[in-house]
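Residues per chain are reported as follows:
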Amino acid sequence: DQQVKQNSPSLSVQEGRISILNCDYTNSMFDYFLWYKKYPAEGPTFLISISSIKDKNEDGRFTVFLNKSAKHLSLHIVPSQPGDSAVYFCAASAGSNYQLIWGAGTKLIIKP
Amino acid sequence: KAGVTQTPRYLIKTRGQQVTLSCSPISGHRSVSWYQQTPGQGLQFLFEYFSETQRNKGNFPGRFSGRQFSNSRSEMNVSTLELGDSALYLCASRGAGQGAIKDTEAFFGQGTRLTVV
């Protein structure tokens, strides 16, 4: 049972436009959500996070939106740049041991 | 401060052999998690160690095992290697992991690329 789902395996966006990556979850106990970016043959790097007490968190070109009633979060990248081409993972945690549950990832391709 | 260090970076082993991978977490971090990533797959959680105890475990066979030392360094062992074990193995370290939500953020090493032939 996949508790965190990223239904789009890949996404292609024109450079300069907005990239929107989506993530759905099923466990209503999740209270913290994170986005990671991964280049080939490297470990994922942390991008941005959001607590369930918020519905939006912004950091430069990256904004994460959380819709708790829909159990949905999204990552917006504006404007998209070539260096943003990577695989993006959504992760969620719940409970006192903060185990991270990961989505399958979405490959973002920024076209020049 | 230094990041998460995984050794070796690359490894080639023969089917049936065993392998041990090492991970040194960020100084002060007590939680170490291991993940397997195969082509086209997401991050498959293997296990997490916290203060030398296995705290969480994924759905991998018993051939996959790990341990954590008192200095928080962790090792992962895979016995009786199979071709399907070829993957990028990632280690992630986190802070105390309890009572501080910021400690949920995981910091990853560059991984060990294991090829089983």
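Draft legend 1. Main features of the overall build of chain A. Summing up its helical and strand segments, chain A has 0 helices and 11 strands in all. The order of helices and strands in chain A, counted from the N terminus, is β-β-β-β-β-β-β-β-β-β-β. Compactness check: chain A gives a C-alpha radius of gyration of 13 Å against a globular reference of 13 Å for 112 residues, within 12% of the reference. Projecting the C-alpha coordinates of chain A onto the three principal axes gives extents of approximately 45 × 30 × 20 Å. Counting every position in chain A, which comprises 112 residues, the buried fraction comes to 46%. For chain A, the exposed surface amounts to about 5300 Å²; the carbon and sulfur share of it is 50%. A gap of 4 Å separates the mean positions of the 11 positive and 9 negative side-chain charges of chain A.

Draft legend 2. Up close: the nonpolar core. A:Phe30, A:Phe33, A:Trp35, A:Leu73, A:Leu75 and A:Tyr88 are the most contacted members of the largest nonpolar core, which has 25 residues in total. For this core, the elements supplying multiple residues, two or more each, are strand S3 (19-25), strand S4 (32-38), strand S5 (45-51), strand S7 (62-67), strand S8 (72-77), strand S9 (86-94) and strand S11 (106-111) of chain A. Looking at which element gives the most residues to this core, the answer is S9(A), with 5 residues. Formed by 21 residues, the second largest nonpolar core is a distinct cluster that contains B:Val32, B:Leu46, B:Val78 and B:Leu81.

Draft legend 3. Expanded view of the state of the cysteines. For the coordinates displayed, the defined rule picks out 2 disulfides over all chains. A sulfur-sulfur separation of 2.0 Å characterises the disulfide bridge that pairs A:Cys23 with A:Cys90. Where A:Cys23 bonds to A:Cys90 through sulfur, the torsion about that S-S bond is close to -70 degrees, and the disulfide is left-handed. Linking A:Cys23 in strand S3 with A:Cys90 in strand S9, this pair joins segments that are 67 residues apart in sequence. In this pair, the class of A:Cys23 matches that of A:Cys90, namely buried. Note on cysteine connectivity: B:Cys23 is disulfide-linked to B:Cys91, with sulfurs 1.7 Å apart. On the sign convention where negative is left-handed, the bridge of B:Cys23 and B:Cys91, at about -50 degrees about the S-S bond, is left-handed. Of the two residues, B:Cys23 is situated in strand S3 (residues 19-24) and B:Cys91 in strand S9 (residues 87-94); the sequence distance between them amounts to 68 residues.

Draft legend 4. Just the interface of chain B and chain A, in detail. Across the boundary between the two partners, chain B contributes 24 residues, which contact 20 residues of chain A. Carbon and sulfur atoms supply 58% of the area that chain B and chain A bury against each other, a total of about 1800 Å² over both sides. On inspection of chain B and its partner chain A, the count reaches 0 salt bridges. For the pair chain B and chain A, the number of links is 4 residue pairs in polar contact (both at pLDDT 80 or more). Contributing elements (two or more residues each) for the side of chain B that touches chain A: strand S4 (31-37), strand S5 (44-50), strand S6 (53-57) and S9 of chain B. The greatest single-element share of the side of chain B that touches chain A, amounting to 3 residues, is contributed by S9(B). Per-class residue counts for the side of chain B that touches chain A are 9 nonpolar, 10 polar and 5 charged.

Conventions and cut-offs
The numbering scheme is per chain: residues are counted from 1 as the chain's sequence reads. The naming scheme follows written order: chains are lettered A onward, ligands numbered 1 onward. Per-residue local features of the predicted model are confined to residues with pLDDT of at least 70, and side-chain atom pairs are confined, for both listing and counting, to 80 or more; whole-chain, interface and lining totals are unaffected and use all residues. Only hydrogens and water are set aside when side-chain values are computed; all heavy atoms of the structure are taken into account. The way it works is that DSSP assigns letters per residue, a run of H or I at least four long becomes a helix, a run of E at least two long becomes a strand, and they are numbered from the N terminus. The reference for a compact globule is 2.2 Å times residues^0.38; the radius of gyration itself is calculated from the C-alpha atoms. Burial classes follow relative accessibility: with a 1.4 Å probe on protein chains only, a residue under 20% of its type's maximum area counts as buried, one over 50% as exposed, and anything between as partly exposed. Computed with a 1.4 Å probe, the accessible areas rest on the Shrake-Rupley method; for each residue, only the protein chains presented here act as cover. Think of it this way: Lys and Arg go in the positive column, Asp and Glu in the negative one, and His and the chain ends go nowhere. Here the site of a charge means atom NZ of a Lys, CZ of an Arg, CG of an Asp or CD of a Glu. Take the buried Ala, Val, Leu, Ile, Met, Phe, Trp, Tyr and Cys residues and link them wherever side-chain atoms come within 4.5 Å; each set so joined is a nonpolar core. Put simply, a disulfide is two cysteine sulfurs that come within 2.5 Å. Throughout, a contact is declared for two residues whenever any of their heavy atoms are within 4.5 Å. Each of two parts loses accessible area, computed with a 1.4 Å probe, when they are put together; buried area is these two losses added. The rule for a salt bridge is simple: a side-chain nitrogen of Lys or Arg has to be within 4 Å of a carboxyl oxygen of Asp or Glu. By the criterion applied in these results, polar contacts are pairs of N or O atoms within 3.5 Å in which, for protein atoms, one can donate a hydrogen and the other can accept it, and in which residues neighboring in sequence qualify only through two side-chain atoms. Just so you know the grouping, Ala, Val, Leu, Ile, Met, Phe, Trp, Tyr, Cys and Pro go in nonpolar, Asp, Glu, Lys and Arg go in charged, and all remaining residues, Gly too, go in polar.

Purely geometric numbers; function is a separate question.
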